[in-house]
Each structure stands twice: as C-alpha cells, then as structure tokens.
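Chains, contacts and geometry: an overview
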Amino acid sequence: MNSATFIANLVCRIAAGFRLGCLLQCAAMASFVFAAGLTDAAQFHHTTGPLLHTFVEIKAYGDNQTGCVLDQAFVEMGRINDLLNNYDPSSEISAINAAAGSTSVKVSPETFEALNEAKKYARLSSGAFDFTVGPLVSLWGFNREHPGLAGDDPDARLLKQALRLVDYRALKLGADLTGPHARLKHSGMYIDVGAFGKGFAADRALAFLRDRGIPNALVAAGGTICAAGSKPDNQPWQIGIRHPRNDSTFLTVIALHDQSVSTSGDYEKFYYTAGKRRSHIIDPRTGLPVSSVQSVTVIAPSGIASDALSTALFVLGPGDGLRLIEKLPGCEALVVTAAGEVVFSSGWPQKTIIY
Ligand code: AMP
Ligand code: MG
C-alpha cells in the first residue's frame, strides 16, 4: 500500500470516528505487546493498520492531541515505506535496482541513511545479513504473494548465477553537491529491504514522536517492536516473545527500556518441496534457505539494529550468532534451534521460559 492509499484509508477511519481495534491484527505479529497500565494522568492511544507488508501499531499515553500525532507518525512510516519498498516500482530502492550495473541514482537522505546503516550490519555479520539477497529471494519464490516454486528446487547453475549477484559491498553510496546517491555495481543485482525496512521505519516513527513531545511510545511493525521511555506509571513496556511453533503461546516476556526487539522466524513465510520445509531467510554464502533455526529474537538499541541482527543470527545460527552478539554493546539474543532448544546470550534479561 502506498502512502496515498494509506492516507485515504486513514481519513476514512478518522471520519468514521473510530480507531481500529487491533487485537485481530496483532495476532499476525511475531510478538505481542502488553499495553495495560492506564493511569489518570494520561490516556492510552493507539493507531494501527496494514503497512510495510505487515501490521503496524503505534501506542502512547497522553492528552487528546496524542492520538492525532500517532496518526501522523503512521503517515510518516508510510512515507518511508514509499521510499524503501522494493515491490513498489516508484520507490527509490526500485530506482536503484532498475539502474543496477549502469547509473548512480539520486536518493533522499532517509534512503541513504537506511542503506548506510544496513551496510554496517552486513559488514558486522560478514554478509550473513545481506540486503542484496534479492536474486536468491526470487529464485526460491519468496518474492511472490504466495511463496513457492512452480517446479523443482533451483539447480546448481541457477544458484551459482544468483549467488554471483549477492554482495552488499557492490552497493556504492556517495554524496556530492546534488545530494546523496546510490549505485549497484552489477546488472541484475536487487536490494530487498525485507530484513531491515521495518526496523528503520519504526525508528523514524519514534523520532517523529519524540520531536513532537511524545517521548514515551511504542511502535510495532511485524516482528520488530521499538520502545521509547516507559508507561506513565514508570512501568517499562512489556513484550511477549512468540513461540515459533505455537502462535498463541509466549516463550517469555521481556521489559524494554529505550530498546528495540525483533524476531525472525521460519514460520513467517514458508512452503514445502520434496518433503522439506523452505523458509524465507536465505544463507547468502550457500544460496539455500536456512533450516537450522526456528526463530531468533534480538534486543538492540535501535529498530534497524535488532531487525538486521535477528536476520543475521538466523543465518549464523546459535554458535557464530551468539558470539557476534556478545561483542555488540547493548545487544542480546535468544535463539530457538531446529530441535526446539532455547539458547540465550549472557545478558538476556529474562531466562524463564514460559511454555
Ligand atoms: P526478517 O523477517 O527481518 O528476518 O527478514 C526476512 C526477509 O528478508 C525475507 O523475507 C527476505 O525478503 C529477506 N532476506 C532473506 N534472507 C536474507 C538475508 N540473509 N539477509 C538479508 N535479507 C534477507
Ligand atoms: Mg530482520
């Protein structure tokens, strides 16, 4: 959905004089948010709707104006989506993809920042998180509304061809007097923002709210939740982490203090071929969908960090993945292996598993 469609929807919703009840939509999210704790000092407000190929929800406590500012933050996220959405031919990312192997494309400061940050996490994870994974995503049929393959698994030749086009280092970012620009070095390369776009947009929404005098808020975009400040009674925002094999059960509940949390799960998009479960996160080293992990949850200082790192750890697995997390300040992780074993980094806040 582009932002024009979203604004039209929003106007309709406001004109109808209601805010959508969000419980049903939340059920589709990877994690759930506990938002109880109303006090007399501030009223609870929230806005929600489909965006970024998922459901987005923004919550805060405040006066009568707060609900309106939350709606504006939602529109701001729609604007970011319009810049980054690689499935929207008019986005800036699509312009970079279309010009791959030829020209440099002028981009907005927001797109530049998102790509620059994404490159940082690609580097940190030695390419386990690689946003140029697009050719592999489409080779395995995960770019379709209903993921799957028409025929057999891709053969070695096709895998090799696609793998040659996956390399985050071939994204060249620069700036000159006309502003920032971006270029993919090789024709056929394709940026996929699926693993970091939601985190970036959620960070921007929190910054938008902070700039308008709302320092305590929570933004949930699919598997990524960013929390700023606390609830009015000084209680932290609390987040339930979904069980990867039972969407009505939490693995555990954590409190967030100016932090973000993201979950990458093999249950989000998957299909079966030849008796094998194929899920949507692909190892850029082998070209194959990862099958060694059910889910990874990462806590980090920002949404783009938790989003990119949860995908990176999904590829790296508990060994290399937790070793990486231990080196990153402010980051913690929980990994559920394919066998259902739950493994934590040393500073994970809540080691009680509920299920
Ligand atoms: P997430 O749910 O944040 O882990 O993102 C998963 C999505 O990111 C997939 O649906 C693909 O669009 C894309 N993706 C798959 N594998 C990778 C990877 N290794 N690095 C970056 N993005 C990926
Ligand atoms: Mg991610």
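1. A closer look at the overall build of the chain
Each helix and strand counted, the chain has 9 helices and 16 strands in total. In the chain, the proportion of contacts linking residues at least 24 apart, taken out of those at least 6 apart, comes to 65%.

2. Considering the sheet that holds strand 5 (residues 171-176)
Taking strand neighbours across the sheet as the criterion, the 3 strands line up as 4-6-5 in an open arrangement whose pairing is antiparallel. The two strands at the open ends of the sheet, each matched to only one other strand, are strand 4 (105-106) and strand 5. Examined bridge by bridge, strand 5 and strand 6 (residues 179-184) share 6 bridges and lie antiparallel to one another. Pairing of L171 across the sheet is with L184, part of strand 6.

3. What to know about unusual backbone geometry
Its identity as a non-glycine residue notwithstanding, H53 has a phi of 60 degrees, on the positive side. Its location among the elements puts H53 in the loop between strand 2 (43-51) and strand 3 (54-62). With 17 C-beta atoms packed within 10 Å, H53 lands in the partly exposed category. One non-glycine residue, D258, lies in positive phi territory at about 50 degrees. Locating D258 in the fold gives a position in the loop between strand 10 (246-256) and strand 11 (260-265).

4. Section: the packing of helix 5 (residues 109-124) against helix 9 (residues 303-327)
Geometrically, a packed helix pair is captured by the angle between its two axes and the distance between the axes. Helix 9 packs onto helix 5 with a crossing angle of 35 degrees between their chain directions and a minimal axis gap of 10 Å. The chirality of how helix 5 crosses helix 9 is right-handed. Each of E117, A118 and Y121 in helix 5 lies in contact with helix 9, whose residues at this interface are I304, A305, A308, L309 and A312. Of the residues assigned to the contact of helix 5 with helix 9, the class counts are 7 nonpolar, no polar and 1 charged.

5. Structural notes on the confidence of the model for the chain
For the chain, per-residue confidence averages 89 on the pLDDT scale, and residues scoring 70 or more make up 87% of the total. Predicted confidence for residues 1-40 stays below pLDDT 50, and this span has 66 contacts to residues more than four positions away or in other chains.

6. Some words on the site of ligand 1
Of all residues adjacent to ligand 1, which total 22 residues, the nearest are G194, A195, S264, H280 and T311. Sort the elements by how many residues they give to the shell around ligand 1 and helix 9 lands first, with 5 residues. Counted by class, the shell around ligand 1 contains 11 nonpolar, 6 polar and 5 charged residues. When residues of the shell around ligand 1 are sorted by domain, at least three fall in each of domain 1 (1-78 + 193-235) and domain 2 (92-184).

7. Focus: helix 3 (residues 66-84)
One full turn of an α-helix is made of 3.6 residues, so residues set three or four places apart face in the same direction. With 19 residues, helix 3 extends 27 Å from end C-alpha to end C-alpha; this agrees with the ideal 27 Å at 1.5 Å per step. Within the span of helix 3, buried status applies to T66, V69, L70, D71, A73, F74, M77, G78, I80, N81, L83 and L84.

8. A closer look at the nonpolar core
Within the largest apolar cluster, 96 residues are counted, with the highest numbers of intra-cluster contacts made by A205, V219, A308 and L313. Looking at this core element by element, the count peaks at 12 residues for helix 9. When residues of this core are sorted by domain, at least three fall in each of domain 1 (1-78 + 193-235) and domain 2 (92-184). Contact partners of A308, with chain neighbours within four places excluded, come to A118, Y121, F129, A195, F196 and G199.

9. A short note on the pairing of strand 10
As defined by bridge partners, strand 9 (residues 237-243) adjoins strand 10 across 7 bridges and the pair is classed as antiparallel. Among the inter-strand pairings, I239 is bridged to a residue of strand 10, identified as I254.

10. Overview of the sheet that holds strand 11
Hydrogen bonds along the backbone pair up the strands of a sheet, which may run parallel or antiparallel. Sheet architecture is open: 8 strands sit in the order 2-3-7-8-11-14-15-16, paired in antiparallel fashion. Each edge of the open sheet carries a strand with a single partner, namely strand 2 and strand 16 (342-344). If you compare each strand with its neighbour and ignore which way they point, the axes differ by 10 degrees on average. Sheet analysis places strand 8 (residues 224-228) next to strand 11, joined by 3 bridges and oriented antiparallel. The residue bridging T224 from the neighbouring strand is S262, located in strand 11. Across the sheet, helix 9 touches strand 8, strand 11, strand 14 (293-300), strand 15 (332-337) and strand 16, and the angle it forms with strand 14 is around 125 degrees.

11. Comments concerning the pairing of strand 8
Most of strand 8 is tucked away: 5 of the 5 residues are buried. Residues of strand 8 alternate between two faces, with T224, C226 and A228 on one and I225 and A227 on the opposite face, all of them buried. Where strand 7 (residues 217-221) and strand 8 come together, 5 bridges link them in antiparallel fashion. From the neighbouring strand, V219 faces strand 8, where its bridge partner is C226.

12. Section: the environment of K119
Among the structural elements, K119 can be located in helix 5. In this structure K119 comes out as partly exposed when scored by C-beta crowding, with 17 C-beta atoms within 10 Å. Note: C-alpha distance between K119 and R169 (50 residues apart in sequence) is 7.8 Å.

13. Observations concerning the environment of G287
Within the secondary structure, G287 sits in the loop between strand 13 (276-279) and strand 14. Residue G287 is classed as buried on the basis of its 21 C-beta neighbours within 10 Å. For the pair G287 and L139, spaced 148 residues apart in sequence, the C-alpha separation works out to 9.4 Å. Apart from the residues lying within four places of it in its own chain, the contact partners of G287 are L136, L159, A162, L163 and I282.

Conventions used here
Residue numbers restart at each chain and count upward from 1, following the sequence in its written direction. Chains and ligands are labelled sequentially in the order written, the chains with letters from A and the ligands with numbers from 1. Residue-level local features of this predicted model are given only where pLDDT is at least 70; pairs of side-chain atoms are given and counted only at 80 or more, and the full residue set underlies all totals for whole chains, interfaces and linings. Helix and strand definitions follow DSSP, with helices as H or I runs of at least four residues and strands as E runs of at least two, each counted in order from the N terminus. In this description, a residue-residue contact is defined by the distance between C-beta atoms placed from the backbone, which must lie within 7 Å. When DSSP finds at least two bridges between two strands, those strands are taken to pair. Exposed residues have 12 or fewer other C-beta atoms within 10 Å of their own C-beta, buried residues have 20 or more, and residues in between are partly exposed; the C-beta atoms are placed from the backbone. Only the contacting stretch of a helix is used when fitting its axis, a line to C-alpha atoms as for every element, and angles between N-to-C directions run 0 to 180 degrees. Left-handed describes a crossing whose near helix is turned anticlockwise from the far helix by less than a right angle; the clockwise case is right-handed. When residue character is reported, Ala, Val, Leu, Ile, Met, Phe, Trp, Tyr, Cys and Pro are called nonpolar, Asp, Glu, Lys and Arg charged, and the others, Gly included, polar. The quantity called pLDDT is the predictor's confidence in a given residue, expressed from 0 to 100. Using the backbone to place each C-beta atom, any residue with that atom within 6 Å of a molecule or strand is considered near it. Note: domain ranges come from an automatic or database domain assignment. One fewer than the residue count of a helix, multiplied by 1.5 Å, yields its expected span. A set of buried Ala, Val, Leu, Ile, Met, Phe, Trp, Tyr and Cys residues, joined to one another through C-beta atoms within 7 Å, is what we call a nonpolar core.

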